Amino acid sequence: PLAKLTEEDGLQAMAAAMLFHFPRLRVSLIKLLGNALCRWSVATNGDAGLGDTCCELILEAMLHGQSSESDEEVLIARLR
């Protein structure tokens, strides 16, 4: 899992940056990413988990990414 990669060597950020290469993010993926951030962020777990840079990149991809689904569904998923 992404949370087991170390933040110091940039592997988490590199993996999160791959989201920008997905042409469209589905609502189901946006929901999963949001849940992962809430569960695995360092701010939530203390020492172990997703680092700040990784979380920032994931959030940016979620908020700026395109979706093939309705705007209302995407907005609701992003606000969760």
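Structure first, text after, so check above.
Only a predicted model underlies this, so the values are computations on that prediction, with no experimental measurement involved. (Residues numbered from 1 in each chain as written. Predicted model: local features only at pLDDT ≥ 70, side-chain atom pairs only at ≥ 80, totals over all residues. Heavy atoms only, no water.)

K.L.:
Just checking my understanding: could you explain a negative patch on the surface for this structure?
P.N.:
Together, Glu7, Glu8, Asp9, Asp52, Glu56 and Glu60 line one region of the surface with negative charge. Here aspartate 52 is to be found in helix 4 (residues 52–64). Residue class for aspartate 52 comes out exposed when judged on its relative accessible area of 59%. (Patch = residues over 30% accessible without salt bridge, like charges linked within 9 Å, V, L, I, M, F, W, Y side chains within 5 Å. Areas by Shrake-Rupley, 256 points an atom, 1.4 Å probe, with all protein chains shown as cover. Salt bridge = Lys/Arg side-chain N within 4 Å of Asp/Glu carboxyl O. Lys, Arg positive; Asp, Glu negative; His and termini not counted. Charge placed at Lys NZ, Arg CZ, Asp CG, Glu CD. Helix = DSSP H or I, 4+ residues; strand = E, 2+ residues; numbered from the N terminus. Buried < 20%, exposed > 50% of the residue type's maximum accessible area, 1.4 Å probe, protein only.)

K.L.:
What is the right way to look at the side chain of glutamine 12 in this model?
P.N.:
Here glutamine 12 is to be found in helix 1 (residues 11–17). Exposure remark for glutamine 12: the relative accessible area of 1% places this residue in the buried category. Those residues within four positions of glutamine 12 in sequence are excluded, and the remaining contacts are Leu2, Ala3, Leu5, Thr6, Glu7, Gly49, Leu50, Gly51 and Cys54. (Contact = heavy atoms within 4.5 Å.)

K.L.:
Help me understand the nonpolar core, please; the structure alone is not making it clear to me.
P.N.:
Most often, soluble globular proteins keep nonpolar side chains buried together rather than apart. Residues Ile30, Leu37, Leu50, Ile58 and Met62 are the most contacted members of the largest nonpolar core, which totals 16 residues. In terms of residue count, helix 4 provides more of this core than any other element does, five residues in total. Those residues in contact with leucine 50 that sit more than four places away from it in its chain are Leu2, Ala3, Gln12, Ala36, Leu37, Trp40, Ser41, Val42, Cys55 and Ile58. (Core = buried A, V, L, I, M, F, W, Y, C linked by side-chain atoms within 4.5 Å.)

K.L.:
Sorry, what's going on with the side chain of serine 41 here?
P.N.:
Looking at the element boundaries, serine 41 is found in the loop between helix 2 (27–40) and helix 3 (42–45). Apart from the residues within four sequence positions on either side, serine 41 is in contact with Ala36, Leu50 and Cys55.

K.L.:
How should helix 2 be read in this particular structure?
P.N.:
A turn of α-helix holds 3.6 residues, and therefore any two residues three or four places apart point the same way. Over its 14 residues, helix 2 extends 20 Å from the first C-alpha to the last, a length consistent with the 20 Å expected when each residue adds 1.5 Å. If you check which residues of helix 2 are buried, you get Val27, Ile30, Leu33, Gly34 and Leu37. Projection of helix 2 onto a plane perpendicular to its axis shows the buried side chains occupying an angular sector of 125°, all on one side. Exposed positions of helix 2 whose direction lies more than 90 degrees from the buried face are Leu32, Asn35 and Arg39. (Expected span 1.5 Å × (residues − 1). Arc of directions from axis to C-beta.)

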